[in-house]
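# A structural walkthrough
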Amino acid sequence: MANFVKVMFDTKSGADFKYKYKVGEVNIAKRWNPNADNPKDFGGFNFSTDTKILRWMARGDTIYDVEIPDDAEVIDVPNPTCPHGLLRSNKIIVKNPRKLTDELAMELYKISDLTDKSFFIAILCLAMRGFMNTCKQIVHDKINKDNLNEAYSTMLNYANNNTYIPGQDKHIDELVIELEKIRSQN
């Protein structure tokens, strides 16, 4: 069974920097509407499972275990690239903070259960965090000439709100080099 986890920058979510989480205590959402038509209007707290969290690695430098209080509501947020990988709750307890490392990312990769598109996004997230050993392993395991263009397209769509300038992010440049090695294989 998968465990619930959340990635944050210290005690602040990469999705909402305004809120500072209390570690080891119940955090209660100020806004909660699980019946909203648009996921952005749900409110609550995002989290995932240890088998899906690679998809969300760009959202922090620390991973927490998540506990859901008995009286909390939880919804599975529809996400076409990561089915059952984005959950929200009106109440959440975060505990056991651990700084993310390339080694921890590799452990999480080994138990991951993601779609190809989610892995393509995860590769970019891992490169953004500088976790190149894990990134290269996933490229080696999941990308080939047949899906290389789809991988590029998925990564570009994910990064469309971020400005990427070649030469300014050595890890993204290193990722592109790894991907281009696949293109040049006989």
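As a starting point, this report considers the structure included with it. These figures come from a predicted structure and were not determined experimentally.

By the definition in use, this model includes 6 aromatic pairs. Taking 5.8 Å as the distance between ring centres and 80° as the angle between the ring planes, the aromatic pair formed by tyrosine 109 and phenylalanine 119 counts as edge-to-face. Of the two residues, tyrosine 109 is situated in helix H1 (residues 102-110) and phenylalanine 119 in helix H2 (residues 116-129); the sequence distance between them amounts to 10 residues. Residue classification places tyrosine 109 among the buried positions, given a relative accessible area of 10%. Put simply, the rings of Tyr19, Tyr21 and Phe45 touch in pairs and so form one group of aromatic residues. Over the face of the ring belonging to tryptophan 56 we find arginine 55, whose NZ or CZ atom lies 4.0 Å from the ring centre.

Turning to the environment of threonine 49, a few remarks are in order. Relative to the helices and strands, threonine 49 resides in strand S4 (residues 45-49). Sequence separation between threonine 49 and asparagine 33 is 16 residues; the distance between their C-alpha atoms is 22 Å. Dropping the residues within four chain positions of it, threonine 49 is found in contact with Ala2, Asn3, Phe4, Val5 and Leu87. A polar atom in the side chain of threonine 49 sits 3.0 Å from the side chain of threonine 51.

One number sums up the size of the largest pocket: a volume of about 1100 Å³. Lining the largest pocket are 33 residues, with Ala15, Asp16, Asn46, Arg59 and Arg88 positioned closest to its centre. Residue composition of the lining of the largest pocket, grouped by class: 15 nonpolar, 9 polar and 9 charged.

At a closest axis distance of 11 Å, the pairing of helix H3 (residues 132-142) and helix H5 (residues 170-183) adopts a crossing angle of 20°. As far as their axial angle goes, H5 and H3 are roughly parallel. The way H3 lies across H5 gives a crossing that is right-handed. Each of Met132, Cys135, Lys136 and Val139 in H3 lies in contact with H5, whose residues at this interface are His171, Glu174, Leu175, Glu178, Leu179 and Ile182. For the contact of H3 with H5, a count of residues per class yields 6 nonpolar, 1 polar and 3 charged.

Another point: the nonpolar core. Burial of nonpolar side chains together is a common tendency in soluble globular proteins. Leu54, Met57, Ile143 and Leu175 are the most contacted members of the largest nonpolar core, which totals 46 residues. Listed by contribution, the elements that provide at least two residues to this core are strand S1 (4-9), H1, H2, H3, helix H4 (148-158) and H5. In terms of residue count, H2 provides more of this core than any other element does, 9 residues in total. With sequence-adjacent residues up to four places away left out, isoleucine 143 is seen in contact with Phe120, Ile123, Ile138, Leu148, Ala151, Met155, Leu179 and Ile182. Of all hydrophobic cores here, the second largest spans 10 residues; its members include Tyr64, Leu87, Ile92 and Val94.

What follows is about the side chain of arginine 55. Of note, arginine 55 is situated in the loop between S4 and strand S5 (62-67). One buried charge, arginine 55, has no salt-bridge partner; the nearest side chain with opposite charge is aspartate 76, at 12 Å. Apart from residues no more than four positions distant in its own chain, arginine 55 is found in contact with Asn79, Thr81, Cys82, Leu114, Ser118, Ile121, Ala122, Cys125 and Tyr158.

What counts as what
Residues numbered from 1 in each chain as written. Predicted model: local features only at pLDDT ≥ 70, side-chain atom pairs only at ≥ 80, totals over all residues. Heavy atoms only, no water. Phe/Tyr/Trp six-rings, centres within 6.5 Å; stacked < 30°, edge-to-face > 60°. Helix = DSSP H or I, 4+ residues; strand = E, 2+ residues; numbered from the N terminus. Buried < 20%, exposed > 50% of the residue type's maximum accessible area, 1.4 Å probe, protein only. Lys NZ or Arg CZ within 6 Å of the ring centre and 35° of its normal. Contact = heavy atoms within 4.5 Å. Polar contact = N/O pair within 3.5 Å; in protein donor to acceptor, adjacent residues only side chain to side chain. 1 Å grid on protein atoms, 1.4 Å probe; cavity = no way out; pocket = protein on both sides within 12 Å on 5 of 7 lines; lining within 4 Å. Points joined across faces, edges and corners; volume = space filled by probe spheres on them. Nonpolar A, V, L, I, M, F, W, Y, C, P; charged D, E, K, R; others polar. Axes fitted to C-alpha atoms, helices over the stretch in contact; angles between N-to-C directions. Parallel < 35°, antiparallel > 145°, perpendicular 65-115°, else oblique. Left-handed = near helix turned anticlockwise from the far one by under 90°. Core = buried A, V, L, I, M, F, W, Y, C linked by side-chain atoms within 4.5 Å. Lys, Arg positive; Asp, Glu negative; His and termini not counted. Salt bridge = Lys/Arg side-chain N within 4 Å of Asp/Glu carboxyl O.

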